[in-house]
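# Summary of the model geometry
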Amino acid sequence: MDLFSKIRNFKTVFKIENIKSIKGSTKTLFVDLGYLGIISVFLFGFVSFLPLFCQEFSQGQIEKAISVLEKDKNLSFNGLVDGCKFVSPKKVMYESSDLSLIQKNSLESRVPPVLIASQVLGAMNGEVVFESQNQRDITEYIVEKGNTLSSIAVKFNIDLETLLSSNNLNKKSRIRQGQKLIILPISGVVHIVKKGDTLSQLIKTYKGVKEEIIDFNNLSSEGKIFIGDILIIPEGKMPLKRIASPQIPLANSYFIFPCQGTVTQGLHWYNAIDVANKCGTSIFAAAEGSVQRTGWTNRGGYYVRILHSNGVATYYGHLSKILVNSGQKVSQGEILGLMGRTGHATGCHIHFDVIGTKNPLSGHKVGSYLKF
């Protein structure tokens, strides 16, 4: 075989060996990709179907777990309740852990939260944090068929006198289905601070205890109070002779309408009128003054309270957005915020309350339209 023949044979063998090597590598690559695909499908399916096997702990499950834990101290909460805890906007998710029983009525986790609620995240970004639920809030109750004043007092664990005094009722008063009643979170007396009120005066009037009033209402250690503050005097007693609320006389032109809209509810607690319109409707300062407080309550939602130079305060509740800050001076007609349905509200409206004088909207009948 000559030299050229040997060279041709070598090239042929080299090409064949390289082709075999490439085919082997390709085969290995396809096998690896196949395994990767199977793993990806498995992970996708696991994530997709995981919620079907997990659920939030229901109140019934927790109560059942507590009763079992009372009988057998060696059991853990995880062994009693099946399922996974997922995060909802108003809840905090806790890492799976053993829980210990405390005083036969609550469970304590042994690990810190691994996820936090949106309200806490808001605080991290410099936003104001509002409590989603406060057991010290005043609430409203709609009377149901068969209710009596006594049964309602028992239902909310307050004494009958508390229910009567907070709603300007007496033992002979009749209530009707659908009527709204103010419910205090504890037996006692509620007082709206007016011009000239002092804490020492209120303690004497309602037979309250200074430390309890300061603590329950989260007041400063000095007990400083402001016009328009809603104070609850724990275990306080309404005096036999009711205190007449002083009314500061004002000209009819002192206030302007806080907004345009339809009057949907006449005078109700405290001294308020409801005016409804589309969400986002501008809310205006009824008179010149200074923004005393802005914030949130479970009952009133986002609110603004303005103190006027004559000692009268106006309150604008259920706002969707607040556009002013505490301490800010505002002119009559200046925009304070936008109408909404925050807090306990069934529709877009403003709860316009006046402290210290007659509500200027009280002369307008339900159904009438307010227009500038």
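Residues numbered from 1 in each chain as written. Predicted model: local features only at pLDDT ≥ 70, side-chain atom pairs only at ≥ 80, totals over all residues. Heavy atoms only, no water.

### As for the nonpolar core
Soluble globular proteins tend to bury their nonpolar side chains together. Stated precisely, the cut-off is as follows: Buried Ala, Val, Leu, Ile, Met, Phe, Trp, Tyr and Cys residues form a nonpolar core when they are joined through side-chain atoms within 4.5 Å. Any residue under 20% of the maximum accessible area for its type is buried, any over 50% is exposed, and the rest in between are partly exposed; the area is computed with a 1.4 Å probe on protein chains only. We count a stretch as a helix when DSSP gives it H or I for four or more residues in a row; a strand needs E for two or more, and each element gets its number in order from the N terminus.
Residues V275, V304, Y316, L336 and I350 are the most contacted members of the largest nonpolar core, which totals 24 residues. Listing elements by their share of this core, those giving two or more residues are β8 (272-276), β11 (301-307), β12 (313-322), β14 (335-339) and β15 (349-355). In terms of residues, this core owes the most to one element, β15, which gives three residues. Counting twelve residues, the second-largest nonpolar core is a separate cluster that includes V189, Y206, I225 and L231.

### Side note on the side chain of D137
Put simply, the test is: Definition of a polar contact: a pair of N or O atoms within 3.5 Å, with one able to donate and the other able to accept a hydrogen when the atoms are protein atoms, and with sequence-neighbouring residues admitted only if both atoms are side-chain atoms. Should any heavy atoms of two residues lie within 4.5 Å, those residues are counted as being in contact.
Examined against the element boundaries, D137 turns out to sit in the loop between α3 (118-124) and β3 (139-142). Overall, D137 belongs to the buried group, its relative accessible area being 19%. Of note is the side chain of D137, whose polar atom sits 2.8 Å from the side chain of N298. With sequence-adjacent residues up to four places away left out, D137 is seen in contact with I183, P185 and N298.

### Quick word on the pairing of strand β7 (residues 261-268)
Stated formally: At least two bridges found by DSSP between two strands are what make those strands a pair.
In this sheet, strand β16 (residues 369-370) lies alongside β7 in antiparallel orientation, the contact comprising two bridges. Across the sheet, the residue bridging to T262 is Y369, located in β16. Taken together, the four bridges between β7 and β8 define a ladder with antiparallel strand orientation. Counterpart to T262 in the pairing with β8 is A276. Where β7 folds back onto β8 in an antiparallel hairpin, the turn is made up of three residues.

### Notes on the side chain of D197
Spelled out, the test is: Note that His is not counted, nor are the chain ends; the positive residues are Lys and Arg, and the negative ones are Asp and Glu. Counted as salt bridges are all cases of a side-chain nitrogen of Lys or Arg within 4 Å of a carboxyl oxygen of Asp or Glu.
On the secondary structure map, D197 appears in the loop between β5 (188-192) and α6 (199-206). Buried D197, no salt bridge; nearest opposite-charge side chain is K194, N-O distance 5.2 Å. There is a polar contact of 2.8 Å between the side chain of D197 and the side chain of H191. Looking at D197, its side chain comes within polar contact range of the main-chain nitrogen of K194, at 2.8 Å. Contact partners of D197, with chain neighbours within four places excluded, come to H191, I192, L202 and I225.

### Considerations on the environment of N167
For N167, the position within the fold is in the loop between α5 (160-166) and β4 (180-183). The class for N167 is buried, based on a relative accessible area of 15%. When the C-alpha positions of N167 and I182 are compared, they lie 6.1 Å apart, and in sequence the two are 15 residues distant. The residues touching N167, leaving out its near neighbours within four places in the chain, are L181 and I182. Of the polar contacts made by the side chain of N167, one reaches the backbone oxygen of L163; its length is 2.9 Å.

### Quick word on unusual backbone geometry
With an omega dihedral of -5°, the bond running from W269 to Y270 counts as a cis peptide bond. Tracing the sequence through the fold places Y270 in the loop between β7 and β8. In the Ramachandran plot, N157 falls in the positive-phi region, its phi being about 60° despite a non-glycine side chain. Along the chain, N157 turns up in the loop between α4 (149-155) and α5. Phi is positive for N168, close to 55°, though the residue is something other than glycine. Here N168 lies in the loop between α5 and β4. By relative accessible area, which is 63% here, N168 ends up exposed.

### Some words on the pattern of salt bridges
Scanning the model with the defined rule gives three salt bridges in all. Close ionic contact of D229 with R293 constitutes a salt bridge, the shortest N to O distance being 3.2 Å. Of this pair, D229 sits in the loop between α7 (210-216) and β6 (230-234) while R293 sits in strand β10 (residues 289-297), and the two are 64 residues apart along the sequence. Look at D229 and you get buried, because its relative accessible area is 7%.

### Remarks on the state of the cysteines
Our working rule: Disulfide: a pair of cysteine sulfur atoms within 2.5 Å of each other.
Taken as a whole and judged by the stated rule, the model has one disulfide. Disulfide pairing places C279 opposite C348 at an S-S distance of 1.6 Å. Disulfide C279-C348: torsion about the S-S bond near -65°, hence left-handed. Of this pair, C279 sits in the loop between β8 and β9 (282-284) while C348 sits in the loop between β14 and β15; the two residues are 69 residues apart in sequence, bridging distant segments of the chain. Exposure remark for C279: the relative accessible area of 44% places this residue in the partly exposed category.

### Some points on α6
Worth spelling out the cut-off: It is the directions from the helix axis to the C-beta atoms whose arc is reported.
Here α6 has its buried residues at L199, L202, I203 and Y206. Buried residues of α6 fall within an arc of 105° about the axis and therefore sit on the same side. Exposed and oriented more than 90 degrees from the buried face of α6 are S200 and K204. Buried positions along α6 lie against β5, α7 and β6. Of the residues flanking the end of α6, it is K207, one or two places downstream, whose phi is positive at about 60°.

Keep in mind these numbers describe shape, not what the thing actually does.
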